[in-house]
Amino acid sequence: MFLDFVIVLIKAGVVLFALLNLAALLTWAERKQSAFMQDRIGPNRANVGNITAGGLLHIMADGIKMIAKEDFIPEGAHRVLHTLAPAAALFPALVVFAVIPFGDVLVIGGKAIPLQVANLNVGILYIFSIASLAVYGTMLAGWASNNNYSLLGGLRASSQMISYEVSMGLSILGILMIYQSAQLDVIVREQGQLLLGFIPRWGVLLQPVGFFLFLAAAVAENKRTPFDLPEGESEIIGYFVEYSSMKFGMFFLAEFVEVVIVAGLVTTLFFGGWQFPYLQADGFHWPFESGVWHLPHLLVALIQIGTFCIKVLIWCWILLLVRWTLPRFRYDQVMRLGWKMMLPLALANLLVTAVIVLLVT
Amino acid sequence: MIPIPHYLTVSAILFTTGAIGVLMRRNALIMLMSLELMLNAVNLSFVAYARLHQDMGGHVFVFLSITVAAAEAAVGLAILLTIFRARATVDVDNLHLLQR
Amino acid sequence: METFLFWIFAIVAVGGGIMVVFHRNPMSSAIYLVVTMLCLAGFYALLAGPFVAVIQVLVYAGAVMVLILFVIMMLNLRDETLQREGSMVTWLLAGLIGLVLVVAVLPPFPRTPAGAPPPEFGTIEEVGNKLFTVYMLPFELTSVLLLIAIIGAVILAKRRML
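The structure reproduced in this document is the subject of the present report. Throughout, residues of each chain are indexed from 1 in the direction in which the sequence is written. Chains carry letters from A onward and ligands carry numbers from 1 onward, assigned in written order. Totals for whole chains, interfaces and linings use every residue, but because this is a predicted model, local features are given only for residues with pLDDT of at least 70 and side-chain atom pairs only at 80 or more, for both listing and counting. Hydrogen atoms and water are omitted, and side-chain values are computed over all heavy atoms in the structure.

All names here are of chain A. Judged by pairing direction, the sheet is antiparallel, and its three strands sit side by side in the order β5-β6-β7 without closing on themselves. The two strands at the open ends of the sheet, each matched to only one other strand, are β5 (279-280) and β7 (291-294). For two strands to be treated as a pair, DSSP must find at least two bridges joining them. Only DSSP runs of H or I covering at least 4 residues are called helices, and only runs of E covering at least 2 are called strands; the numbering of each starts at the N terminus. Alignment of strand β6 (residues 283-286) against β7, held across four bridges, turns out to be antiparallel. When the bridges of β7 are listed, His285 appears paired with Val292.

Okay, here's the thing in structure tokens:
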């Protein structure tokens with residue numbers, strides 16, 4: 001009983017550690033990636049005794065700068081809500097990772113440890129409920145600043161987030177229908193089955209429309225380009241204009257943590273999670289019944305965790321690529337896309353999937 | 001193991017607080033929020049009894065009740081907005097145009 | 001563990017409920033109501049109802065309260081227009097009547113303690129089972145109700161007469 005509690009704490013600690021470090025690394029990766037895409041060098045000046053480490057020390061420099069700046073609350077602003085809003089923006093982003101499985105069951109010394117912090121029966125619904133809580137950070141930040149422009153920016157951002165929550169939810173229902181469960185570890189396990197004898201049943205092959213809809217809706221929910229008008233750095237006043245130092249840092253950390261969350265969700269639901277093709281718990285089972293390579297349990301577990309990490313990293317990189325390629329939408333275009341194009345498409349996808357599932361089973 | 005009467009007591013306290021809010025406050029927004037508080041208290045009662053009798057009907061009813069409460073909040077707020085645009089106040093004591 | 005969680009949720013929920021009713025500014029009341037709703041979601045999780053707990057957070061705390069907060073921000077009430085509502089004596093009287101009402105509303109307590117539920121109690125499959133077989137009619141009526149509510153809210157909130 002007590003040992004189970006300690007194991008859950010250790011898992012949660014490992015997940016949080018990896019998540020926060022990856023988010024911090026993404027702040028550097030974004031600038032370097034944009035530099036490579038724009039044919040320049042990017043940040044390379046921060047150094048400790050002339051060791052530049054390729055610009056990685058900029059992460060620490062940014063952190064120290066943000067902590068050392070003056071922290072103020074504007075006059076007439078609601079003090080408690082102004083301080084609460086960055087926390088309300090970061091909390092949902094960190095908590096979503098509790099249900100994402102990053103490996104199969106690990107057996108150490110006779111004890112089976114599922115590599116998932118919390119195996120909820122309502123896994124996917126939990127993710128949506130936490131995503132809907134993420135709206136509060138934006139709204140409270142916009143209102144608590146006692147500034148009309150940031151209030152409008154906050155209302156704009158939160159209405160964008162609410163609109164895309166609907167499409168995000170509907171696009172996942174097809175996955176729920178195909179894998180017959182809302183538990184994320186069951187969904188990942190089902191993606192190890194083979195279709196036609198040699199193709200793994202990944203979600204992207206069974207639900208391509210759902211995948212694109214989910215990707216677009218999740219990027220819009222995250223307020224990343226091309227949907228980053230609320231943050232629109234050179235054009236418009238955003239909802240965090242009255243925030244300084246680490247509170248502002250928390251908003252941006254929340255945004256990068258959400259990039260990792262989107263990458264994690266896309267790999268878990270559509271790209272097989274920790275599944276390496278043809279790798280099962282006791283080794284490689286080659287397709288068409290051609291043979292089995294047996295491998296020790298710990299090596300299999302390591303390959304699966306490594307696969308998950310690599311897939312998440314690839315998706316983070318793709319999301320950064322999208323950011324520096326596409327121009328941003330105008331607000332009315334964003335709203336029109338969300339309600340008039342993505343919602344009917346998600347409903348049509350749901351209908352077609354339901355008919356096909358009914359015909360096949 | 002928490003005995004079910006504790007949950008019922010919490011539900012009763014929340015319901016009464018909501019009822020006092022609806023009766024005592026004049027701000028229409030706060031009246032609406034107290035109404036939501038009452039609905040929540042009743043939902044808690046439903047789930048507690050479902051746990052006692054191990055009947056899933058309580059959970060289904062709570063699901064439908066939450067849906068109806070969402071629809072009612074939307075329409076109530078739309079009405080509130082219309083009134084605010086016409087009279088520039090949300091104080092329900094000032095809405096007596098039909099009074100002689 | 002369960003006792004500890006119950007008391008924390010209970011104290012925060014009741015405190016939040018009282019603060020909803022007593023604050024002058026509707027914004028603060030709304031925030032306290034969100035806190036109360038999250039505590040109630042915790043209660044549902046303790047009562048072996050994971051599905052309704054998640055639905056409570058998703059619909060109530062995540063959508064209905066966001067809508068109420070939106071309207072509060074749009075109305076943008078100045079602090080001068082919100083006056084003190086009711087004197088101290090009236091509130092004391094209301095408190096006393098409230099205490100009487102709590103005792104009156106309390107149902108006769110069930111004698112037998114609750115047994116342990118089967119493991120699939122409160123799961124999403126069980127709710128779906130009941131919802132689409134026994135409670136099919138309320139389900140369909142609720143969907144019609146939602147349609148009416150959408151149409152009504154859109155028409156009422158438009159600026160011109162439709």
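With that settled, the discussion passes to the layout of surface pockets. A cavity here means a set of points on a 1 Å grid, drawn over the protein atoms and nothing else, where a 1.4 Å probe fits but cannot get out; a pocket is an open set with protein on both sides within 12 Å along at least five of seven lines, and a residue lines either one if it has an atom within 4 Å of a point. Grid points are joined across faces, edges and corners, and a volume is the space filled by probe spheres set on the points. Of the voids in this model, the second largest pocket is the one considered here, and its volume is about 1,200 Å³. Considering the residues around the second largest pocket, the lining is formed by 29 residues, among which Ala118, Leu120 and Tyr126 of chain A together with Gly42 and Ala45 of chain C are closest to the centre. For the lining of the second largest pocket, the secondary-structure elements that each account for two or more residues are α1 (2-37), α3 (79-95) and α4 (123-133) of chain A together with α1 (2-22), α2 (26-46) and α3 (50-75) of chain C. Here the lining of the second largest pocket takes five residues from α2 of chain C, the largest share from any one element. Its residues assigned to classes, the lining of the second largest pocket comprises 25 nonpolar, four polar and no charged. The classification used treats Ala, Val, Leu, Ile, Met, Phe, Trp, Tyr, Cys and Pro as nonpolar, Asp, Glu, Lys and Arg as charged, and all other residues, Gly among them, as polar.

Further remarks concern helix α9 (residues 208-221) of chain A. Residues and elements named next belong to chain A. With 14 residues, α9 extends 20 Å between its outermost C-alpha atoms, agreeing within 8% with the 20 Å of an ideal straight helix rising 1.5 Å per residue. Burial status follows relative accessibility: with a 1.4 Å probe on protein chains alone, a residue under 20% of its type maximum counts as buried, one over 50% as exposed, and anything between as partly exposed. Three or more residues of α9 are buried, namely Gly210, Phe211, Leu213, Phe214, Leu215, Ala217, Ala218, Val219, Ala220 and Glu221. Contact criterion: two residues are considered in contact whenever any of their non-hydrogen atoms come within 4.5 Å of each other. On the buried face of α9, the contacting elements are α4, α6 (148-179), α8 (203-206), α10 (245-270), α11 (297-323) and α12 (331-360). Positive backbone phi, approximately 60 degrees, marks Lys223, located one or two places after α9. A helix is expected to span 1.5 Å multiplied by its residue count minus one.

Below, the discussion takes up the interface of chain A and chain C. With 21 residues of chain A in contact, the opposing surface of chain C contributes 23 residues. Regarding the contact of chain A and chain C, the summed buried area is about 1,900 Å², with carbon and sulfur atoms giving 79% of it. Here, a salt bridge means any Lys or Arg side-chain nitrogen found within 4 Å of an Asp or Glu carboxyl oxygen. Our enumeration of links across chain A and chain C arrives at zero salt bridges. N or O atoms closer than or at 3.5 Å make up a polar contact, with two conditions inside protein: a donor-capable atom paired with an acceptor-capable one, and, for residues adjacent in sequence, both atoms drawn from side chains. Remark: the boundary between chain A and chain C carries two residue pairs in polar contact (both at pLDDT 80 or more). Of all the secondary-structure elements, those providing two or more residues to the side of chain A that touches chain C are α4, α5 (135-143) and α6 of chain A. At six residues, the largest contribution of residues to the side of chain A that touches chain C is made by α4 of chain A. Residue composition of the side of chain A that touches chain C, by class: 15 nonpolar, six polar and no charged. By convention, the term buried area covers the 1.4 Å-probe accessible surface removed from two parts as they join, with the contributions of both added.

Let us look at the interface of chain C and chain B. Contacts between the two partners involve 81 residues from chain C and, on the opposite side, 64 residues from chain B. Across the contact surface, chain C and chain B share one salt bridge. Across the pair Asp55 of chain B and Lys130 of chain C runs a salt bridge whose closest N-O atoms are separated by 4.0 Å. Linking chain C with chain B are seven residue pairs in polar contact (both at pLDDT 80 or more).

Residues and elements named next belong to chain A. Position of Arg224 relative to the elements: it lies in the loop between α9 and α10. Judged by its relative accessible area of 4%, Arg224 is buried. Within polar-contact distance, the side chain of Arg224 engages the side chain of Glu255 at 3.2 Å.

Let us now look at the arrangement of the chains. Once contacts are tallied for each of the two pairs of chains in contact, the highest total is for chains B and C. Between chain A and chain B there is no contact; the minimum C-alpha to C-alpha separation amounts to 14 Å.

Here the nonpolar core consists of buried residues drawn from Ala, Val, Leu, Ile, Met, Phe, Trp, Tyr and Cys, with membership extended through side-chain atoms lying within 4.5 Å. Counting residues in hydrophobic clusters, the biggest one holds 166 residues, and the most contacted among them are Leu269 and Phe270 of chain A, Tyr7 and Met33 of chain B together with Phe43 and Met65 of chain C. Here this core gets 18 residues from one element, more than from any other, and that element is α3 of chain C. The residues contacting Met33 of chain B, other than those within four sequence positions of it, are Val20, Pro26, Ser29, Ala30, Leu33, Met65, Ile68 and Ile72 of chain C. Within the second largest apolar cluster, five residues are counted, among which are Ile20 and Met24 of chain B together with Val21 and Ala94 of chain C.

Another point: the packing of helix α3 (residues 57-87) of chain B against helix α5 (residues 124-133) of chain C. To obtain each axis, a line is fitted to C-alpha atoms, and for helices this fit is confined to the stretch in contact; angles are then taken between N-to-C directions over 0 to 180 degrees. Running from N to C, α3 of chain B and α5 of chain C cross one another at 75 degrees; their axes reach a closest spacing of 9 Å. The orientation of α3 of chain B relative to α5 of chain C falls into the category roughly perpendicular. For the pair α3 of chain B and α5 of chain C, the contacting residues are His59, Val60, Phe63 and Leu64 of chain B in the first and Val127, Lys130 and Leu131 of chain C in the second. The class makeup of the residues in the contact of α3 of chain B with α5 of chain C is five nonpolar, one polar and one charged. Convention used here: angles under 35 degrees read as roughly parallel, angles over 145 as roughly antiparallel, angles from 65 to 115 as roughly perpendicular, and any remaining angle as oblique.

Let us look at unusual backbone geometry. One non-glycine residue, Gln180 of chain A, lies in the positive phi region at around 60 degrees. By the element assignment, Gln180 of chain A lies in the loop between α6 and α7 (184-190). Positive phi, normally seen in glycine, also occurs at Ala88 of chain B, with a value near 60 degrees. In this fold, Ala88 of chain B is placed in the segment after α3.

With that out of the way, let us pick up the packing of aromatic side chains. All names here are of chain A. Here a pair means two rings of Phe, Tyr or Trp (six-membered ring of Trp) with centres within 6.5 Å. Their orientation is stacked below 30 degrees between planes, edge-to-face above 60, and tilted elsewhere. Tallied over the full model, the rule gives 21 aromatic pairs over all chains. Arranged with centres 5.8 Å apart and planes meeting at 40 degrees, the rings of Phe214 and Phe270 form a pair that is tilted. Here Phe214, found in helix α9, pairs with Phe270, found in helix α10; they are 56 residues apart in sequence, far enough to count as distant. Take Phe214 and Phe270: they sit in the same class, and that class is buried. Both rings, one in Phe248 and one in Phe252, keep their centres 5.0 Å apart while their planes meet at 55 degrees; by these two values the pair is tilted. Remark: Phe252 and Phe248 occur in helix α10; sequence separation between them is four residues, near one turn of the helix. Take Phe252: its relative accessible area is 17%, and that puts it in the buried class. Taken together, Trp202, Phe211, Phe212, Phe214, Phe270, Phe271 and Trp315 form an aromatic cluster joined through their ring pairs.

Taken by themselves, the reported measurements are silent on function.
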